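# Analysis of the macromolecular model
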Amino acid sequence: MTPPANPRSETFDPADYESAKRMVQSEDPAVRRKVAEHPKTRPELLYFLAADAAAEVRRAIATNAGTPRQADLLLAKDREVMVRQAVARKIARLLPELSADQAMQIERLTVECLETLARDQATEVRGILAEALKDLPNAPHGVINRLARDVELSVCAPVLQHSPILTEEDLTDIIMKGPVRGAMTAIASRHNVSASVADAIARSDDEAAVTALLGNPSAQIREETLDRILDQAPQHEPWHSPLVRRPRLPARAVARLASFVADKLLKVLQDRDDLDPEATRGLVEAVRQRVGQAAAGTPGVPLGPVDFGEEAAGAAAGPEKPVERPSDKAARLNKEGKLTEKLIEGSMVEGDRGFVMAALAELSQNSAAGGGPHRRHPCAARRHRPGVARRADHALRPAGAVAARPDSAKNSA
């Protein structure tokens, strides 16, 4: 006689509706989970299992793409974090795969679900949602705006840096209301930061955000905004490196930078090949003033903040082929009365920066020492004519005014 079949050993097929109905009544959570996971399970059974006592079953329902949105809304409020995380991942994953009509439908059905997840008390759930929605062009604006204003950086930063949904007005308002620390840096790192948003960042006291803004080549920074940054830049060393590398630097900004950045960054400015002629002349004038001030502080010593490249020149020449150092060449030509404006400008055109800087230092020492008879050079006799010497002399007055601006700006603030 054949023994009766054991119900627990019976083979169930979740794809068969009648079989699935028996399975959801099983006392074994593993059996119910098979129904919850199956892609062909009927929506009404999935909705029924959304209230299952076993968290593993509810998580399977949350993961199933066929789960009706009404069930997702229940699961978005589930007491278990892992269930809410699964809902967040699934809905965000589905959005990019939908057509425009389907996206409109799913937004109508799930906007409440997404808003519920965006308000979730668990940072992990909100973070999953933010990461999943940050790049989507069809994400609900209300949800993105809430995530962008989150109190946790791990939640708001991905959306602030990447989301195309956020408007210029949204970003400006977030900046003005003082976001969580680090959020403004995320905004400054966005692609194509607008001029008004850049201005709002520049007006803040956030050093890291301004550093990120200056290092963002796609950020649109107006010249007036750049001037405001330069007013404060001497007191903010992290700004110096991105400033000297900033594309399309105006001539005025180049001259101001040359007055206070460190030696190695001054060399970065000198090595740039994208400066227009006016900016190049402004750089030379600013360097001449800087060298002159250094020479005046140390009379008779040919030292200044500029690297003339003499060590490199000597190393390249080798012991058997000595090469005249730029400073020695400048001193010799000056003594011979041949250190003329035409010669210096020609060296500028040829790109001989080491000699140009050494020549300017030599001329500055003449001014500091009072210009002895053997030191008088043709440039001094023609100081009223256009040229390097005259432009450098004229640069002293406005450059001095520029140097005073940070303090005056502080007083006005």
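For every chain, the first residue of its written sequence is number 1, and the numbers climb from 1 along that sequence. Since the coordinates come from a predicted model, pLDDT governs what is reported: local features require at least 70, and pairs of side-chain atoms require 80 or more to be given and counted, while whole-chain, interface and lining totals use all residues. Just so you know, side-chain values use all the structure's heavy atoms and leave hydrogens and water out.

## What about the overall build of the protein chain?
Applicable threshold: By the criteria applied, helices consist of DSSP H or I runs no shorter than four residues and strands consist of E runs no shorter than two, each listed in order from the N terminus. Type-normalised accessible area, obtained with a 1.4 Å probe on protein chains alone, sets the label of each residue: buried when under 20%, exposed when over 50%, and partly exposed for intermediate values. We call two residues in contact whenever any of their non-hydrogen atoms come within 4.5 Å of each other. Note that accessible areas follow from Shrake-Rupley with a 1.4 Å probe, and for residues the cover is restricted to the protein chains shown.
Secondary structure assignment for the protein chain yields 25 helices and 0 strands. Split into buried and exposed, the 413 residues of the protein chain put 46% on the buried side. Once local pairs closer than 6 in sequence are excluded, the contacts in the protein chain between residues at least 24 apart make up 59%. Counting only carbon and sulfur atoms, one obtains 52% of the accessible surface of the protein chain, whose full area is about 21,600 Å².

## Comments concerning the pattern of salt bridges
Keep this limit in mind: Definition used for salt bridges: Asp or Glu carboxyl oxygen within 4 Å of a side-chain nitrogen of Lys or Arg.
Scanning the entire structure with this criterion turns up 23 salt bridges. Between K134 and E131 there is a salt bridge, with the nearest N and O atoms lying 3.0 Å from each other. The salt bridge partner of R332 is E324, with a shortest N-O separation of 2.8 Å. Sharing partners across several salt bridges, the network here consists of D227, D231, R252 and R256.

## Some remarks on the environment of E345
With respect to the secondary-structure elements, E345 resides in helix α22 (residues 341-350). Under the relative-accessibility criterion, E345 is labelled partly exposed at 30%. Taking the C-alpha atoms as reference, E345 lies 8.1 Å from V356; in sequence the two are 11 residues apart.

## Quick word on the nonpolar core
Quick reminder of the rule: Throughout, nonpolar core names a set of buried Ala, Val, Leu, Ile, Met, Phe, Trp, Tyr and Cys residues whose side chains join them through atoms within 4.5 Å.
Counting residues in each nonpolar core, the largest one holds 103 residues, and the members touching the most others are L129, L133, L147, L160 and I201. Examining the composition of this core, we find that 7 residues originate from one element, helix α23 (residues 353-369), more than from any other. The contact partners of L133, leaving out residues within four places of it in the chain, are A92, L95, A139, V143, I144 and L147.

## Section: the confidence of the model for the protein chain
Under the convention used in this document: Residue-level confidence of the predictor is summarised by pLDDT, bounded by 0 at the bottom and 100 at the top.
With 73% of its residues at a pLDDT of 70 or more, the protein chain shows a mean pLDDT of 79. Scored below 50 in pLDDT, residues 1-9 makes 2 contacts in the model with residues more than four places away or belonging to other chains. Contacts from residues 298-307, a stretch scored under 50 in pLDDT, to residues over four places away or in other chains number 17 contacts.

## Quick word on the side chain of S163
Our working rule: Distance and chemistry together define a polar contact, namely a pair of N or O atoms within 3.5 Å, with one atom able to donate a hydrogen and the other to accept it when in protein, and with adjacent residues in sequence counting only for side-chain atoms on both sides.
The topology assignment puts S163 in the loop between α10 (153-162) and α11 (168-176). Among the polar contacts listed, one links the side chain of S163 to the backbone nitrogen of I165, at a separation of 3.2 Å. Apart from residues lying up to four places away in sequence, S163 is in contact with K134, I144, P158 and R190.

## Brief notes about the environment of L74
By secondary structure assignment, the location of L74 is in helix α5 (residues 69-76). Exposure remark for L74: the relative accessible area of 43% places this residue in the partly exposed category. Taking C-alpha positions, L74 is 8.4 Å from C113, a pair spaced 39 residues apart along the chain.

## Here's the deal with the packing of aromatic side chains
Here is the rule we go by: Within 6.5 Å between ring centres, the rings of Phe, Tyr and Trp (the latter by its six-membered ring) count as paired, and their orientation is classed by plane angle as stacked under 30 degrees, edge-to-face over 60, tilted in between. When the NZ atom of lysine or the CZ atom of arginine is within 6 Å of a ring's centre and also within 35 degrees of its normal, the charge is said to sit over that ring.
In the structure shown here, the tally under the stated rule is 0 aromatic pairs. For the cation-ring pair, R42 lies above Y17, with the distance from its terminal atom to the ring centre recorded as 4.3 Å. The aromatic ring of F355 is capped on one face by K329, whose charged end is 4.7 Å from the ring centroid.

## Overview of the packing of helix α13 (residues 195-202) against helix α14 (residues 207-214)
The test is simple: Orientation is described by lines fitted to C-alpha atoms, with helices fitted over the stretch in contact, and by angles between N-to-C directions that extend from 0 to 180 degrees. Crossing chirality is assigned from the near helix's rotation relative to the far helix, an anticlockwise turn below a right angle marking it left-handed and a clockwise turn marking it right-handed.
Across the interface, α13 lies against α14 with an axial gap of 9 Å and an inter-helix angle of 145 degrees. Considering how the two elements wind past one another, α13 and α14 form a crossing that is left-handed. When α13 is examined against α14, the residues A198, I201 and A202 are found in contact with a partner set consisting of A209, V210 and L213.

## Comments concerning the packing of α11 against α13
Applied cut-off: Each angle is binned into one of four classes, with values under 35 degrees roughly parallel, values over 145 roughly antiparallel, values of 65 to 115 roughly perpendicular, and all other values oblique. Under the convention adopted here, Pro, Cys and the residues Ala, Val, Leu, Ile, Met, Phe, Trp and Tyr are nonpolar, Asp, Glu, Lys and Arg are charged, and Gly plus all remaining residues are polar.
One can describe the packing of α11 onto α13 by two numbers: an axis separation of 9 Å at closest approach and a directional angle of 5 degrees. When the axis of α11 is compared with that of α13, the two are roughly parallel. Contacts between α11 and α13 involve E168, L171, T172, I175 and M176 from the first element and S196, V197, A200 and I201 from the second. Per-class residue counts for the contact of α11 with α13 are 6 nonpolar, 2 polar and 1 charged.

## Some remarks on unusual backbone geometry
Unlike most non-glycine residues, N192 shows phi in positive territory, near 60 degrees. Looking at the secondary structure, you find N192 in the loop between α12 (183-188) and α13. A positive phi angle, close to 55 degrees, is found at R248, a residue other than glycine. With respect to the helices and strands, the residue R248 is situated in the loop between α16 (240-244) and α17 (251-258). Owing to a relative accessible area of 67%, R248 belongs among the exposed residues under this scheme.

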